[in-house]
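# Analysis of the macromolecular model
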Amino acid sequence: LFPYTTLFRSCSSDLGGIPLTARYTLCSVAACTVAAAVTNPIELVQSRWQTSAGRGGGIRVIVKDLWKQGGPMAFGRGLGIRVLYAVRVQPLLDA
């Protein structure tokens, strides 16, 4: 909750003459980036689970395998593409 409040206040206040549209665009990009980074591990496990069709065990097995393959960095796979997609699509959803 604290990062959201800080981001909201910084977007609402005057940042040295930065135009309102630019401020909201920057804040939207930051919010999309944070949301994608937080939900990416969940989406990664979900997609692995769906593609395994139940053959590879449960969620616990998938998480263990990911951890063995790359440690905590394994949960960040595809994050760059996901952030780019979220930032590109978000203005369309706000329209």
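Here the residue numbering is sequential within each chain, running from 1 through the sequence in written order. Local features in a predicted model are, by the rule used here, given only for residues with pLDDT of at least 70; side-chain atom pairs are given and counted only at 80 or more, and totals for whole chains, interfaces and linings are based on all residues. No hydrogens and no water enter the side-chain calculation; it runs on all heavy atoms of the structure.

### Observations regarding the packing of aromatic side chains
- For Phe, Tyr and Trp, where Trp contributes only its six-membered ring, two rings pair if their centres lie within 6.5 Å, and the inter-plane angle classes them as stacked under 30 degrees, edge-to-face over 60, or tilted in between. Counted under the stated rule, the structure contains one aromatic pair.
- On the numbers, 6.2 Å between centres and 45° between planes, the contact of Trp-67 with Phe-75 is tilted.
- Relative accessible area decides the class of each residue, using a 1.4 Å probe on protein chains only: under 20% of the type maximum gives buried, over 50% gives exposed, and in between gives partly exposed. Relative accessible area serves as the criterion here: at 14%, Phe-75 is assigned to the buried category.

### Overview of the nonpolar core
- Formed by Leu-44, Val-45, Ile-62, Leu-66, Ala-74 and Phe-75, the largest nonpolar core amounts to six residues.
- A run of H or I in DSSP counts as a helix once it spans at least four residues, and a run of E counts as a strand once it spans at least two, with each numbered from the N terminus. Mapped by element, the contributors of at least two residues to this core are helix 2 (20-52) and helix 3 (59-70).
- If sequence neighbours within four positions are ignored, Leu-66 has contacts with Leu-44, Val-45, Arg-48, Gly-71, Ala-74, Phe-75 and Arg-77. To form a nonpolar core, buried Ala, Val, Leu, Ile, Met, Phe, Trp, Tyr and Cys residues must be joined to one another through side-chain atoms within 4.5 Å. Contacts were defined at the residue level, with two residues in contact if any of their heavy atoms lie within 4.5 Å.

### As for helix 2
- Here helix 2 contains 33 residues, and its C-alpha end-to-end distance of 46 Å stays within 8% of the 48 Å for a straight helix at 1.5 Å per residue.
- Those residues of helix 2 not exposed but buried are Arg-23, Cys-27, Cys-32, Ala-36, Asn-40, Leu-44, Val-45 and Ser-52.
- Where helix 2 ends, the next residue or the one after it, Ala-53, has phi of about 55°, a positive value. The span one expects for a helix is its residue count, reduced by one, times 1.5 Å.

### Some points on the packing of helix 2 against helix 3
- Taken N-terminus to C-terminus, the directions of helix 2 and helix 3 make an angle of 115°; their axes are 10 Å apart at the nearest point. Judged on the interaxial angle alone, helix 3 and helix 2 are roughly perpendicular. Considering the relative orientation of helix 2 and helix 3, their crossing is right-handed. Of the residues in helix 3, those in contact with Leu-44, Val-45, Arg-48 and Trp-49 of helix 2 are Ile-59, Ile-62, Val-63, Leu-66 and Gln-69.
- A per-class count over the contact of helix 2 with helix 3 returns seven nonpolar, one polar and one charged. For helices, the fitted axis covers only the stretch in contact; all axes are lines through C-alpha atoms, and the angles between them, taken along N-to-C directions, range from 0 to 180 degrees. An angle counts as roughly parallel when it lies under 35 degrees, as roughly antiparallel when it exceeds 145, as roughly perpendicular when it falls between 65 and 115, and as oblique in every other case. Each crossing gets its hand from how the near helix is turned against the far one by less than a right angle, where anticlockwise is left-handed and clockwise is right-handed. Residues are grouped as follows: Ala, Val, Leu, Ile, Met, Phe, Trp, Tyr, Cys and Pro are nonpolar; Asp, Glu, Lys and Arg are charged; every other residue, Gly included, is polar.

### Concerning the confidence of the model for the protein chain
- Along the chain, pLDDT gives the predictor's confidence residue by residue, from 0 to 100. For the protein chain, the mean per-residue pLDDT works out to 79, and 78% of the residues sit at or above 70.
- For the protein chain, helix 1 (residues 2-12) is the element with the lowest average pLDDT, namely 67, and helix 3 is the one with the highest, namely 89.

### Section: a nonpolar patch on the surface
- Here the term patch refers to residues with relative accessible area over 30% and no salt bridge, with like charges joined within 9 Å and nonpolar side chains (Val, Leu, Ile, Met, Phe, Trp, Tyr) within 5 Å. Computed by Shrake-Rupley with a 1.4 Å probe, the accessible areas treat only the displayed protein chains as cover when residues are assessed. The term salt bridge refers to a side-chain nitrogen of Lys or Arg lying within 4 Å of a carboxyl oxygen of Asp or Glu. A contiguous nonpolar patch, built from Trp-49, Ile-59 and Val-63 and spanning about 250 Å² of accessible area, is present on the exposed surface.
- Among the structural elements, Ile-59 can be located in helix 3.

### Points about the side chain of Asn-40
- Take Asn-40: it is sitting in helix 2.
- Judged by its relative accessible area of 5%, Asn-40 falls in the buried class.
- One polar contact links the side chain of Asn-40 to the main-chain carbonyl oxygen of Arg-77, over a distance of 3.3 Å.
- The residues touching Asn-40, leaving out its near neighbours within four places in the chain, are Phe-75, Gly-76, Arg-77, Gly-78, Leu-79 and Arg-82. Two N or O atoms form a polar contact when they lie within 3.5 Å of each other; inside protein one atom must be a possible hydrogen donor and the other a possible acceptor, and for residues adjacent in sequence the pair counts only when both atoms belong to side chains.

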